[in-house]
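A structural walkthrough
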Amino acid sequence: MVIITPKAAEKLKGLIAEENKGTNIPQTAGLRLYVQGGGCSGFQYGLLIEKEANETDEKFESNGIKVFIDPI
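Residues numbered from 1 in each chain as written. Predicted model: local features only at pLDDT ≥ 70, side-chain atom pairs only at ≥ 80, totals over all residues. Heavy atoms only, no water.

What about the overall build of the protein?
Spelled out, the test is: By definition, any uninterrupted DSSP run of H or I lasting at least four residues is a helix, any uninterrupted run of E lasting at least two residues is a strand, and each is numbered from the N terminus. Between buried and exposed lies partly exposed: a residue is buried under 20% and exposed over 50% of the maximum accessible area for its type, with that area taken using a 1.4 Å probe on protein chains only.
Within the protein, the secondary structure is distributed over one helix and four strands. The order of helices and strands in the protein, counted from the N terminus, is α-β-β-β-β. Taking the principal axes of the C-alpha coordinates as reference, the protein spans close to 40 × 25 × 20 Å. Residue burial in the protein is summarised as follows: out of 72 residues, 22% are buried.

Some points on the pairing of strand β3 (residues 58-62)
Note the threshold: When DSSP finds two or more bridges between two strands, those strands count as paired.
As defined by bridge partners, β3 adjoins strand β4 (residues 65-69) across five bridges and the pair is classed as antiparallel. Paired with glutamate 61 across the strands is lysine 66, a residue of β4. The turn linking β3 back onto β4 is made up of two residues, and asparagine 63 within it adopts a positive phi angle of 50 degrees.

Things to note about the pairing of β4
Pairing of strand β1 (residues 30-37) with β4, which is carried by three bridges, proceeds in the parallel orientation. Its bridge partner lying in β4, arginine 32 is registered against phenylalanine 68.

Below, the structure is given as structure tokens:
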């Protein structure tokens with residue numbers, strides 16, 4: 001389970017607005033959490049702002065921020 005605190009949600013909303021500066025912020029934008037194989041050093045975890053979820057993503061919302069996670 002991932003919980004985004006109110007303070008983090010406020011910061012993320014600002015980052016999403018900055019990412020989409022000069023355009024309308026899509027209602028579908030959210031935060032993607034992902035895991036990549038890192039070879040000998042194990043897994044690497046990452047976050048990025050995504051304009052919309054993929055069809056197969058697990059989707060939920062925490063404090064007004066949409067969160068997308070690939071089921072794999």
